[in-house]
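Each chain is listed here by its residues.
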Amino acid sequence: MNGNLVRLADLLSDVFLLEPEEFSLELKKGDIDTWDSLGTVAMAVGIQDEFGYHFTPEEATGIESVNDIIEILTSKGIEFD
Amino acid sequence: MTKNTPFWSLEEVKSRATKPLVVLSTKSVKGIVESTFDTSVLDSLESLPDVLGTLIVVGGGALIDEAKLKNIGSDFELIAIPSLWGSGAEVSPIAVFEENGIKDYLFDEEMLPIAYSSIPGIAQSLPEHLVRYGCGDALSHALEGTLSPLGDNATRITGAALLTDMLDIGVKLDERWFEFSADACLLQSQTSVGVIHGIAHTIEPMLKNDFPHVDWGHARICSNLLWPVFSQFILESEKWNTFTSEFDINVSELSTTFKFLFNDDDYDAMRGYIIEAWPQILRHPLTRTNSSLIRRSHLEKFTGDFS
């Protein structure tokens, strides 16, 4: 994983309180109980802290997977390889 | 700030309260309460009569919250009079309680008192450290409520004005803190609080259990967390710098105030519990609505020396 992917993986592990081996880029909202409404808030705050991008409320509530996060951030010029 | 619970003067309370009237009070202010209402005063909710028109509760946040929980689905009317500022419980649709050693909270507008009031001079007899803790509690609500990620521009404007008013008065015995405390409580009930409260709610039962004869209350713990959280997470953040510039917050005075509220010996006692309970603190709902993400590695930010 490149730098930004590692940063994202570390961040989301902290956001969703996962052990490193529990995290994967294929993770979806329904897979873990910590990805609830509070998890969405923490995720949005964490992304802003780490990558400087502030999700709109519509974006944040529409995110269902890690890939959705990557897609939005990529569209804002943040690269993940 | 608009409150759903109206303020009544003492004269209004006495004339409008539905009989039979019962007054419940914290022991520390029982004397002044008895002379105010010219009636005998209960000191426990356990001894409430079966037939009751109005219950007037006079006390701190914990007693008022206890009465609010009793109020849900009851036939009596509740009037709340705080004996000290801090929690703002008298105007809040949230009640905090402890069950099986864990602090939890309930949101229910049905618990709101029909009115709140004040007894002039009630806070005069209180010791200086309780006055200080009360100011710290109110400041922690104002700070975290203002910065909450669940707020909007309106709540930030309100919160900034409130913080400025609090700084103008300063940490001291001044009855204007009753109104600040109520406003701060309402603010955070509309937004949320953050890691100060996530930590406080987690370690308070632990401290009380291990030191039952020491007054480890919520306000004392929050007062001691303001400086560590402010200095480690807020002071250098871009979000905070943007906010303070926009709303002209006196950062230097805020820092001075939080340092004044911080006590080395108290924090030394708290530090071990923060370390021990860190996994629970991270999971606490209030930590998860903090204005910046609290990460596992951030434990080290709480273990330092803040003197």
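Note that the coordinates shown come from a computational prediction; the quantities given were computed from them, not determined experimentally.

Reading the values: rules and limits
- Residues numbered from 1 in each chain as written.
- Chains lettered and ligands numbered in written order.
- Predicted model: local features only at pLDDT ≥ 70, side-chain atom pairs only at ≥ 80, totals over all residues.
- Heavy atoms only, no water.
- Helix = DSSP H or I, 4+ residues; strand = E, 2+ residues; numbered from the N terminus.
- Rg over C-alpha atoms; globule rule 2.2 N^0.38 Å.
- Buried < 20%, exposed > 50% of the residue type's maximum accessible area, 1.4 Å probe, protein only.
- Contact = heavy atoms within 4.5 Å.
- Areas by Shrake-Rupley, 256 points an atom, 1.4 Å probe, with all protein chains shown as cover.
- Lys, Arg positive; Asp, Glu negative; His and termini not counted.
- Charge placed at Lys NZ, Arg CZ, Asp CG, Glu CD.
- Core = buried A, V, L, I, M, F, W, Y, C linked by side-chain atoms within 4.5 Å.
- Domains from an automatic or database assignment.
- Pairing = 2+ DSSP bridges.
- Buried area = accessible area lost by both parts, 1.4 Å probe.
- Salt bridge = Lys/Arg side-chain N within 4 Å of Asp/Glu carboxyl O.
- Polar contact = N/O pair within 3.5 Å; in protein donor to acceptor, adjacent residues only side chain to side chain.
- Nonpolar A, V, L, I, M, F, W, Y, C, P; charged D, E, K, R; others polar.

This next bit is on the overall build of chain B. Secondary structure assignment for chain B yields 12 helices and 6 strands. Compactness check: chain B gives a C-alpha radius of gyration of 19 Å against a globular reference of 19 Å for 307 residues, within 12% of the reference. Across its three principal axes, chain B shows a C-alpha extent of roughly 55 × 40 × 35 Å. Buried positions account for 57% of the 307 residues belonging to chain B. In chain B, the proportion of contacts linking residues at least 24 apart, taken out of those at least 6 apart, comes to 74%. A total of about 13,100 Å² of accessible surface is found on chain B, and carbon and sulfur atoms cover 49% of it. Side chains of chain B give 23 positive and 43 negative charges; the mean places of these two sets differ by 3 Å.

The subject of this paragraph is the nonpolar core. Nonpolar side chains in soluble globular proteins tend to be buried together. Residues and elements named next belong to chain B. I203 and I274 are the most contacted members of the largest nonpolar core, which has 76 residues in total. Top contributing element to this core by residue count: helix α8 (residues 218-234), with 9 residues. The two domains that each donate at least three residues to this core are domain 1 (10-116) and domain 2 (128-302). If sequence neighbours within four positions are ignored, I203 has contacts with I221, M270, Y273, I274, A277 and I281.

So, about the pairing of strand β4 (residues 94-99) of chain B. Residue and element names in this part refer to chain B. Inspection of the sheet shows β4 paired to strand β5 (residues 102-107) by 6 bridges, in the antiparallel sense. From the neighbouring strand, E99 faces β5, where its bridge partner is I102. Hairpin geometry of β4 and β5 is characterised by an intervening segment of 2 residues between the two adjacent antiparallel strands and by a positive phi of about 55° at N100.

What follows deals with the interface of chain B and chain A. Across the contact, 14 residues belong to chain B and 20 residues belong to chain A. Between chain B and chain A, roughly 1,400 Å² of surface is buried when both sides are summed, and carbon and sulfur atoms account for 53% of that area. Among the residues of chain B in contact with chain A, R288(B), L293(B) and R296(B) are the three that bury the most area, contributing 50% of the side total. Where chain B touches chain A, the interface holds 5 salt bridges. Put simply, E50(A) and R295(B) hold a salt bridge, and the shortest N to O gap is 3.3 Å. At the boundary of chain B with chain A, the tally comes to 9 residue pairs in polar contact (both at pLDDT 80 or more). The residue inventory of the side of chain B that touches chain A, partitioned by class, reads 5 nonpolar, 4 polar and 5 charged.

Residue and element names in this part refer to chain B. Assigned domains of chain B: these are domain 1 (10-116) and domain 2 (128-302). Between domain 1 and domain 2, the residue contacts involve 19 residues of the former and 25 residues of the latter. Together domain 1 and domain 2 conceal approximately 1,700 Å² of surface at their shared face, both sides included; 66% is due to carbon and sulfur atoms. There are 1 salt bridge connecting domain 1 and domain 2. Note that K103 and E204 form a salt bridge whose closest N and O atoms lie 2.5 Å from each other. At the junction of domain 1 with domain 2, the criterion picks out 4 residue pairs in polar contact (both at pLDDT 80 or more). When contributions to the side of domain 1 that touches domain 2 are tallied by element, the ones reaching two or more residues are β4 and β5. Per-element accounting of the side of domain 1 that touches domain 2 gives the leading share, 3 residues, to β4. A per-class count over the side of domain 1 that touches domain 2 returns 10 nonpolar, 6 polar and 3 charged.

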